[in-house]
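Fold and contact review
Here are the chains, one letter per residue:
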Amino acid sequence: MARSYRPVVRDQEFLLPPNMADWLAGDHLVWFVLDVVEHLDTSALHAERRIGGVGRIEQLCADHVAYRVLCAQDPPDHTTIARFRAAHDDVFTDVFAQVLRLCAQAGMVRVGSIAIDGTKIAANASTSANRSQQWVTQQARRIAEAAVSEAAAVDAAEDAAEAASGAQARPPAELSTPAGRAAAIKKAMQEIARQDAAHAEADAADHAAQEQYLQRIEAGEIVSSRPPAGVDQVRLYQARITREQQRLAPLIGVRGTAQAHQRAAIRRIIKNAEAGLHRAQQDQAARVADRRGSAARIRARNLARRGSGGGPLVNLTDPEARLMVQGSGSGSVQGYNSQLVCSDDHLVIGVHVSQDANDLHCWTPALAAATTQIDALGKTIGLVLADNGYFTEANLTSPGPDRLIAPGSGRDVHHDAKHHPTQGPPPPDLSPTEAMRHTLRDPDQARRYKRRSATVEPVIGHLKDRIGLRRYARRGLAAVTAELHLAAAALNLTRLYHATTG
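Attention here is on the structure that accompanies the text. (Residues numbered from 1 in each chain as written. Predicted model: local features only at pLDDT ≥ 70, side-chain atom pairs only at ≥ 80, totals over all residues. Heavy atoms only, no water.)

**A look at the packing of aromatic side chains**
Evaluated as defined, the whole model comprises two aromatic pairs. Residues Tyr336 and Tyr472 carry aromatic rings whose centres are separated by 6.1 Å and whose planes lie at 80 degrees to one another, so their mutual orientation is edge-to-face. On the criterion of sequence distance, the pair formed by Tyr336 in strand S5 (residues 332–342) and Tyr472 in the loop between helix H19 (451–465) and helix H20 (477–501) is long-range, its members being 136 residues apart. The pair Tyr336 / Tyr472 is uniform in exposure class, with both members buried. Taking 6.1 Å as the distance between ring centres and 65 degrees as the angle between the ring planes, the aromatic pair formed by Trp363 and Tyr390 counts as edge-to-face. Linking Trp363 in helix H14 (residues 363–376) with Tyr390 in the loop between strand S7 (383–386) and helix H15 (393–397), this pair joins segments that are 27 residues apart in sequence. Look at Trp363 and you get buried, because its relative accessible area is 1%. (Phe/Tyr/Trp six-rings, centres within 6.5 Å; stacked < 30°, edge-to-face > 60°. Helix = DSSP H or I, 4+ residues; strand = E, 2+ residues; numbered from the N terminus. Buried < 20%, exposed > 50% of the residue type's maximum accessible area, 1.4 Å probe, protein only.)

This is the structure we're talking about:
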């Protein structure tokens with residue numbers, strides 16, 4: 001029997017139920033959200049609001065039945081929603097905590113094993129708005145102080161007149177106005193100064209670590225850990241030669257086969273060290289670059305992104321956003337590194353937003369955010385799983401729960417556990433990084449680590465696809481952090497809905 005199309009009658013008249021409560025099924029998500037909101041403490045959201053007022057024409061609230069029910073057929077204006085969100089950054093963090101508490105009361109939030117990962121989310125800014133430090137400085141010089149003062153005075157007078165007449169204040173001036181350009185460039189200059197200060201602080205910390213390591217070697221200590229990133233290779237080899245010469249000195253003039261072998265062995269060590277010193281003197285700069293740690297390589301990439309005139313890049317639309325390379329060959333994005341810490345039952349238990357293109361320095365703040373939430377619930381995190389983006393000695397040795405941080409890809413971890421297995425705890429003389437490599441070659445630990453991708457990666461996918469957070473609507477680090485908290489609360493609500501109604 002041939003199949004046919006169902007007839008389409010677009011002028012068919014409907015008689016909708018007079019009560020909106022009959023428009024949607026009783027188990028619809030909207031009713032669940034409304035019930036949850038009744039149990040949340042939203043007093044902070046109402047502190048500066050009143051019943052009534054103007055506000056109309058939000059697309060979904062006009063076109064989508066569920067949203068029409070949610071707003072009771074009184075759709076707010078999109079600017080009203082935007083201003084409301086901008087005024088309650090701190091409240092959204094509290095809402096996130098309240099929703100997580102509701103999930104815990106429903107028997108969710110399993111934290112025996114959790115996972116952490118980062119994802120790049122685009123900022124409300126375009127890469128075409130990136131400018132070099134030289135360009136920003138030139139533009140700042142071109143803006144005369146008198147012109148800026150005059151424009152600011154005119155803007156202030158207009159704002160005062162509008163306030164006196166009861167009209168709503170104008171939104172901030174855009175780049176098309178002199179005052180707007182001046183404000184944007186001033187903010188960009190402040191961000192450049194902040195970046196320079198952060199780089200100087202990081203360089204000072206690196207120098208201190210390098211100096212401490214060299215002093216230990218020069219004092220004759222045998223250090224098993226690897227040299228810090230950027231250490232002076234010439235000075236390092238000279239210290240090693242001096243140390244071995246001091247070890248050889250007591251054996252000079254001593255006869256005997258054993259002593260002769262020991263002298264020969266130490267001489268070989270000195271000879272190798274001298275050869276290394278010669279190579280280091282010839283290509284010291286190349287060796288330093290090759291042996292830099294991950295953190296130093298990140299800073300090098302940031303410096304490589306400078307404009308032709310020199311200096312770091314800054315975005316005029318959102319100066320706190322960064323140009324970041326996405327994984328899997330997906331190109332670059334002007335955005336933020338958004339960290340999610342997820343429970344074993346796919347709830348977001350902590351978030352952190354970073355300007356770092358890499359995850360190395362995100363471990364501590366992200367885990368601290370999750371720990372704060374979990375401690376408030378009276379629970380204890382058992383094990384933290386993370387990929388090789390967090391594999392540093394600092395992250396391996398920082399205070400906190402037990403952790404498995406991969407030294408390489410997941411495929412490498414399981415290959416090593418299969419073909420080069422270990423058993424038992426690592427030997428006490430291993431460095432933290434070598435100890436973690438030993439631990440993950442244990443097949444049982446490798447199986448525990450395998451849970452990482454199944455824990456956090458689906459949550460990231462749901463955040464972007466179901467919640468729709470592929471691009472932040474607001475600008476600035478604090479604003480997008482609040483936006484991420486709100487999106488995470490919404491994601492947790494959907495998990496709670498499916499868990500309690502499914």
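Picking up after the structure, the text goes on.
**Structural notes on the nonpolar core**
Counting 67 residues, the largest nonpolar core has Val109, Leu340 and Ile349 as the members making the most contacts within it. Of the residues forming this core, the biggest block, nine residues, is contributed by H20. Setting aside residues up to four positions removed in sequence, Ile349 forms contacts with Phe96, Leu100, Val109, Val111, Ile114, Val341, Cys342, Ser343, Ala369, Ala370, Gln373 and Ile374. Counting seven residues, the second-largest nonpolar core is a separate cluster that includes Leu214, Ile217, Val231 and Leu236. (Core = buried A, V, L, I, M, F, W, Y, C linked by side-chain atoms within 4.5 Å. Contact = heavy atoms within 4.5 Å.)

**Description of the pattern of salt bridges**
Enumeration over the complete set of coordinates arrives at eight salt bridges. The shortest N-O distance in the salt bridge between Asp344 and Arg451 comes to 2.9 Å. Taken together, the residues span a long stretch of sequence, with Asp344 in the loop between S5 and strand S6 (348–354) and Arg451 in helix H19 at a distance of 107 residues. Measuring nitrogen to oxygen at the nearest pair gives 2.2 Å for the salt bridge that ties Arg447 to Asp444. Within this pair, Arg447 and its partner Asp444 are both found in helix H18 (residues 443–449), separated by three residues, close to a single helical turn. Here the salt bridges share partners, and the residues they tie into one network are Arg110, Asp344 and Arg451. (Salt bridge = Lys/Arg side-chain N within 4 Å of Asp/Glu carboxyl O.)

Just geometry here; none of it tells us what the structure is for.
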